[in-house]
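Read off the chains here:
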Amino acid sequence: MYISLLEPLGVPATVIEELSDGLRQNGHYFTYYDTRTSDVEELKRRSAGQDIIMIANTPYPDEVVRAADSLKLLAVAFTGIDHVGQAACREKGVTVCNCAGYSNASVAELVIGMTVSLFRQIRSCDQTVRSGGASAGLMGMEIGGKTVGIIGCGQIGFMTARMFQAMGANVIACARHEREEVKAAGIRYVDLDTLLARSDIVSLHTPSNQETRGMIDGEKIGKMKPSAVFINCARGPIVDNAALAAALNEGRIAGAAVDVFDVEPPLPEDTPLLRAKNTLLTPHVAFLTKEAMARRARIEFDNVYAYLEGRPVNACRV
């Protein structure tokens, strides 16, 4: 088969060579592109005649899927697949697999770090010291004893919850499906409105799809405590970010940390969150650690090998 990796995976080229060596040894043709492109025509060119396409988070729209005449497997080195043309994959019977689990710890750790930063005003503390100031006005808060609401308690949400529990927080969750593992850990399921009303820290961990887009709108944000903080390391379109910015500027919630937006950074200058009060913004880096990139590359190639052996794994519903 003809197999192409259309973008870098955040690991050295020597790792890609090592992981792909078995493909060549078994008579397959492997091509690796060390540059990333979102140009539709270039993606079509790179995909032409390929049976298996490997991508990470580069958008791969319906138009490209339909033009990829030989495509049988789309291997996605990412957890979410909302950047993939799922309608065209359904039409063509293309198998789509992801790399679920590769960044669980990375995302959870960033959520914890963001919360600590907001609670302890770390950025303001740093600026104060650099400008010759002292501790006045910089009293912080502890996570221990606070109520944390986890929206979406899958693998990442559950790991985040366990980290908060280790810091002494009480954790509640809402999710489409309740899991016994979560309940056994002492996490109580509640409905979304109850979670928002009771939580001191709200952390979002749902996928982006037709059911969740815009789920956290102005009305939902209005149910949060004025003293609460909101963390989004999931997907930008799940949240009405203009409504979030308004709530922050009007003091209706205490703070927010956001890693994902309506579009990928760099953000347009008129993005409301750029001027919102009490915010911590990061450029979609929750998944981006050295360890996660190594796990992701290994899972991505394992998915391809499994498919070639007739036992697809990590297949997603499209």
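(A) Region of interest: helix α1 (residues 13-25). End to end, α1 covers 18 Å across 13 residues, agreeing with the expected 18 Å (1.5 Å per residue, within 8%). Approximately 35° is the largest bend angle found in α1, and it occurs at Leu-19. Looking at the packing, one finds that the buried side of α1 touches β1 (2-5), β2 (29-32) and α12 (290-308). Remark: Gly-27 follows α1 within two positions and exhibits a positive phi of approximately 85°.

(B) Structural detail: the environment of Leu-244. In this structure, Leu-244 sits in helix α11 (residues 241-249). In this structure, the C-alpha to C-alpha distance between Leu-244 and Ala-197, residues 47 residues apart in sequence, is 16 Å. With residues near it in sequence (within four places) discarded, Leu-244 still touches Ile-221, Phe-230, Val-239, Ile-253, Ala-256, Val-258 and Leu-273.

(C) Region of the structure containing the sheet that holds β1. Read across the sheet, five strands follow the order β2-β1-β3-β4-β5 without closing on themselves; strand pairing throughout is parallel. Here the strands that pair on one side only, and so sit at the sheet edges, are β2 and β5 (95-97). Adjacent strand axes in the sheet meet at a mean angle of 15° when their direction is disregarded. Here β1 pairs with strand β3 (residues 52-55) via three bridges, running parallel. Directly across from Leu-5, in β3, lies its bridge partner Met-54. Strands β1, β2, β3, β4 (73-76) and β5 of the sheet are contacted by α12, whose axis makes an angle of about 165° with β3.

(D) Seen up close, the pairing of β4. The alternating pattern of β4 places Leu-73 and Ala-75 on one face and Leu-74 and Val-76 on the opposite face, and all of these are buried. Inspection of the sheet shows β3 paired to β4 by four bridges, in the parallel sense. Note that in β4 the partner of Ile-55 across the bridge is Val-76. Tracing the backbone out of β3, into helix α3 (residues 62-67) and back to the parallel element β4 gives a crossover that is right-handed. Pairing analysis gives three bridges linking β4 to β5, with the strands arranged parallel. Bridged to Ala-75 within β5 is Cys-97.

(E) Region of interest: the packing of aromatic side chains. One pass over the full model with this rule turns up three aromatic pairs. Taking the centre distance of 4.6 Å and the plane angle of 10° together, the rings of Tyr-2 and Tyr-29 count as stacked. Separated by 27 residues along the polypeptide, Tyr-2 in strand β1 and Tyr-29 in strand β2 bring together distant segments of the chain. Since its relative accessible area comes to 40%, Tyr-2 is described here as partly exposed. With centroids separated by 5.3 Å and ring planes inclined at 75°, the aromatic side chains of Phe-78 and Phe-287 adopt a geometry described as edge-to-face. With Phe-78 in the loop between β4 and α4 (86-92) and Phe-287 in the loop between β12 (279-281) and α12, this residue pair connects regions lying 209 residues apart in the sequence. With respect to class, Phe-78 is no different from Phe-287; both count as buried.

Calculation rules
Residues numbered from 1 in each chain as written. Predicted model: local features only at pLDDT ≥ 70, side-chain atom pairs only at ≥ 80, totals over all residues. Heavy atoms only, no water. Helix = DSSP H or I, 4+ residues; strand = E, 2+ residues; numbered from the N terminus. Expected span 1.5 Å × (residues − 1). Bend = angle between axes of the 7 residues up to and from the residue. Contact = heavy atoms within 4.5 Å. Pairing = 2+ DSSP bridges. Axes fitted to C-alpha atoms, helices over the stretch in contact; angles between N-to-C directions. Buried < 20%, exposed > 50% of the residue type's maximum accessible area, 1.4 Å probe, protein only. Right-handed = clockwise from strand over helix to strand, strands pointing away. Phe/Tyr/Trp six-rings, centres within 6.5 Å; stacked < 30°, edge-to-face > 60°.

Everything listed here is a matter of coordinates, which is why it stays silent on function.
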